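# Structural overview
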Amino acid sequence: MEKRYSCSRLVSAGAVLAIWLPTFGMCDDYEVPAVLSASDTVLDLPLKTDTYEIHQDVPTDGFMAVFTITSPYGEFTASGPGMLVSRLNEIKALAALDIMQEDDRFAEAAESTAKETVSNLRQFIENPKETVQGVPDGVGRFFDRTSRTLKTGLQKIGDVREGRLHGVEENTAENLPGGTPAQNNPGVSLTESVARAGGDTAINILGFDKQRRRLAKELAVDPYSTNRILSEKLDELTWAAFAGGLGVNVLTSLVPGGFVLSTSSRLSDWVWDTAPGDLRVEIENALLSMGVGQSETDQLLRHSFYTLSMQAALTASMQALDGVEGRADVIPLVLSVASEGQARFLVQTIDMLAIYHAEREPLSELQVQGTILGMSQAGQPVIAAPVDYLSWTPLLDRFASSFGDQSAVAPLVFVDGQLSKRARDELTELGWNIEERTPLASRAYPVQ
């Protein structure tokens, strides 16, 4: 029987320039992305508890699943590997923070001078340069370790106002999985955009940030989470406790037991235990040592879609790829993302490649072919796919077909979630080696 080829396989491999390049109007011989059932997909977590309910229908877009979660704190969505566990963790953390607020010790601390202190901190966030100039000479020593925060924070203001990052090629990563800015960054103010990647220098100096990070660690949540409700709640409790003289040990002792689902991270302690100014300096030094240029390093440190925890995760994974050629060459793609979802996709891609390099076999090189992939010592392309559910779409077809004449060794693809039967059959017929990892709800990445 004659084999039936999907239309886009007839396109020359040399014409394929990007991993998810659209092929609109070429062919209808593809899958419609599935709508999954939460009962069949979420295998190791209850769908309904006192604090949340996961909706039964889970739509996909060919790459990512979109879970919807209702809770007393509002409706949340989770898209991409690990995000369901992260969102449920955050909801449980919000419930724990509610209980903490009812404790008599917290109530007493909250009645003190929190309002005045918060006002002073807000003044610094909104006018960082003017506030720094007005700081008495005697506290200048505190700014040595946070000069990086001030520098990139002030640079970021200009970037956010202009809506772009200088020197980054536009649209380079626009076709990567992970959504659009409108989906991932709704209603974020200028101040929030400036502060989100690394915290606020005045708060770091005063010790507030240490207390907030300790509280986040006790709750096993990202201290730089982009979950606005959680972030504001962490601020509220920490400000009240900090201004009211409630020590960090007392504050964290108020966290009720049994409120944390899980935490899985090779670098969480680095993020939780290191002051933002210090962490940014360590990230900068590590990137420069890998051959990343100063300008690109500065752009990453003030990038509006990479939180500080994401920057740390990216840097730690790149460090784990020590000896692999091409690490610095992936940064232009990293800088070109157009949403938080795309940023998470690339951070998780590099993390998966680092795990492969450490646990399976050494990689020789990183390459950018639409996405970031590794090359084995034998010349096999190793493709990490941090996606939830992979369907056979024109985008996947074009990408898969592009390797037909480029590699003497069949590519290996790690899918961090699942493939449809059609996607598995098509990739197998192309000669690809495929490995699926774990059920969707089991994975927990260190970053939001």
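Scope of this entry: the structure provided in the associated data block. (Residues numbered from 1 in each chain as written. Predicted model: local features only at pLDDT ≥ 70, side-chain atom pairs only at ≥ 80, totals over all residues. Heavy atoms only, no water.)

### A look at the pairing of strand 4 (residues 66-71)
Relative to strand 4, strand 2 (residues 53-54) is paired through two bridges, and the arrangement is antiparallel. Paired with Glu-53 across the bridge in strand 4 is Thr-70. Joining the antiparallel neighbours strand 4 and strand 5 (residues 74-79) is a turn of two residues. (Pairing = 2+ DSSP bridges. Helix = DSSP H or I, 4+ residues; strand = E, 2+ residues; numbered from the N terminus.)

### Some words on the pattern of salt bridges
What the rule picks out here adds up to 13 salt bridges. Residue Asp-209 is joined to Arg-213 by a salt bridge in which the shortest nitrogen-to-oxygen separation is 2.5 Å. Taken together, the residues span about one helical turn, with Asp-209 and Arg-213 both in helix 10 (residues 208-219) at a distance of four residues. Residue Asp-209 is classed as buried on the basis of its relative accessible area, which comes to 7%. Here Arg-213 falls in the buried class, since its relative accessible area comes to 6%. Linking Arg-360 and Glu-435 is a salt bridge whose minimum nitrogen-to-oxygen distance equals 2.9 Å. (Salt bridge = Lys/Arg side-chain N within 4 Å of Asp/Glu carboxyl O. Buried < 20%, exposed > 50% of the residue type's maximum accessible area, 1.4 Å probe, protein only.)

### Some thoughts on the sheet that holds strand 10 (residues 412-415)
Strand order in the open sheet formed by five strands is 6-7-8-10-12, with mixed pairing between adjacent strands. Of all strands in the sheet, those with a lone pairing partner are strand 6 (363-369) and strand 12 (433-436), marking the two edges. Here the strands of the sheet are splayed against their neighbours by 25° on average, with no regard to which way each runs. Of the pairings in the sheet, the one linking strand 6 to strand 7 (residues 371-376) comprises six bridges and is antiparallel in character. Residue pairing in the sheet places Gln-369 in a bridge with Thr-371 of strand 7. (Axes fitted to C-alpha atoms, helices over the stretch in contact; angles between N-to-C directions.)

### So, the nonpolar core
Counting 67 residues, the largest nonpolar core has Tyr-306, Val-334 and Leu-346 as the members making the most contacts within it. No other element matches the nine residues that helix 18 (residues 340-359) contributes to this core. In terms of nonpolar packing, the next biggest core, distinct from the first, is built from 39 residues, Ile-69, Met-83, Phe-106 and Leu-254 among them. (Core = buried A, V, L, I, M, F, W, Y, C linked by side-chain atoms within 4.5 Å.)

### So, the sheet that holds strand 4
Hydrogen bonding along the main chain pairs the strands of a sheet, whether they run parallel or antiparallel. Pairing is antiparallel in the open sheet, where three strands are placed in the order 2-4-5. One side of each edge strand has no neighbouring strand; the edge strands of this open sheet are strand 2 and strand 5. Here strand 4 runs beside strand 5; their pairing, made up of six bridges, is antiparallel. Along strand 5, the bridge assignment pairs Val-66 with Ser-79. Strands strand 2, strand 4 and strand 5 of the sheet are contacted by helix 2 (residues 83-101), whose axis makes an angle of about 155° with strand 5. (Contact = heavy atoms within 4.5 Å.)

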